[in-house]
Amino acid sequence: TCSNHTARQLTNQDYDKYDLLIGMDSANLRNMYRICGGDFAGKLHLLMDYTDHSRDVADPWYTGNFDDTYRDVKEGCEALLDKCVGEIKA
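Residues numbered from 1 in each chain as written. Predicted model: local features only at pLDDT ≥ 70, side-chain atom pairs only at ≥ 80, totals over all residues. Heavy atoms only, no water.

(A) The arrangement of the overall build of the protein chain in detail. The secondary structure content of the protein chain amounts to four helices and two strands. Put simply, the protein chain runs from its N terminus to its C terminus through helices and strands in the order α-β-α-β-α-α. When its C-alpha atoms are laid out on the principal axes, the protein chain stretches across 35 × 35 × 30 Å. Expressed as a percentage of the 90 residues in the protein chain, the buried residues total 29%. For the protein chain, the proportion of contacts with a sequence separation of at least 24, taken over those separated by at least 6, is 47%. Accessible surface for the protein chain amounts to roughly 6600 Å². Of this, 55% is attributable to carbon and sulfur atoms. In the protein chain, 10 positive and 16 negative side-chain charges are present, and the distance between their average locations comes to 4 Å. (Helix = DSSP H or I, 4+ residues; strand = E, 2+ residues; numbered from the N terminus. Buried < 20%, exposed > 50% of the residue type's maximum accessible area, 1.4 Å probe, protein only. Contact = heavy atoms within 4.5 Å. Areas by Shrake-Rupley, 256 points an atom, 1.4 Å probe, with all protein chains shown as cover. Lys, Arg positive; Asp, Glu negative; His and termini not counted. Charge placed at Lys NZ, Arg CZ, Asp CG, Glu CD.)

Rendered as structure tokens:
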């Protein structure tokens, strides 16, 4: 269940609090840079940067195609998980 989870706007303090901040598209990433005042520690990334084809996640707001978005998010999350597991094993 997601009943006790909520979304909120990224804050500048999140940059110090978290190791990794992920955006879904280049507009998100630009706003993240603006909110955080840059990316001096290399924490800001696009989700699809972890896949073999870096690009924006398909946005169903514009496309109406939730299947493409699901595939992108699944692929990106699996690739990010593989990277994190690889770092733990190293």
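(B) Focus on the side chain of Lys-43. By the element assignment, Lys-43 lies in the loop between α2 (26-36) and β2 (44-46). Leave out the neighbours within four places in its chain, and Lys-43 touches Tyr-15, Asp-16, Tyr-18, Asp-19, Leu-20 and Leu-21.

(C) Representation of α2 in the model. Residues of α2 that are buried include every one of Leu-29, Met-32, Ile-35 and Cys-36, and no others. Take α2 and look down its axis: the buried residues cluster within an arc of 125°, on one side only. Turned more than 90 degrees off the buried face of α2, the exposed positions are Arg-30 and Arg-34. Buried positions along α2 lie against α1 (12-17), β1 (21-23) and β2. Put simply, Asp-25 is the residue that caps the front of α2, since its side-chain oxygen is 3.1 Å from the backbone nitrogen of Ala-27. (Arc of directions from axis to C-beta. Polar contact = N/O pair within 3.5 Å; in protein donor to acceptor, adjacent residues only side chain to side chain.)

(D) Spatial organisation of the side chain of Asp-25. Note that Asp-25 resides in the loop between β1 and α2. Buried charge without a partner: Asp-25 forms no salt bridge, and the closest opposite charge is Arg-30, 6.6 Å away. A polar contact is formed between the side chain of Asp-25 and the backbone nitrogen of Asn-28, at a distance of 2.8 Å. Residues contacting Asp-25, with those up to four places away along its chain left out, are Leu-46, Asp-56 and Asp-59. (Salt bridge = Lys/Arg side-chain N within 4 Å of Asp/Glu carboxyl O.)

(E) Up close: the environment of Lys-43. Residue classification places Lys-43 among the buried positions, given a relative accessible area of 14%. The spacing of Lys-43 and Ile-22 is 21 residues in sequence and 8.2 Å in space, taken between C-alpha atoms. Side-chain polar atoms of Lys-43 contact the backbone oxygen of Tyr-18, separated by 2.9 Å.

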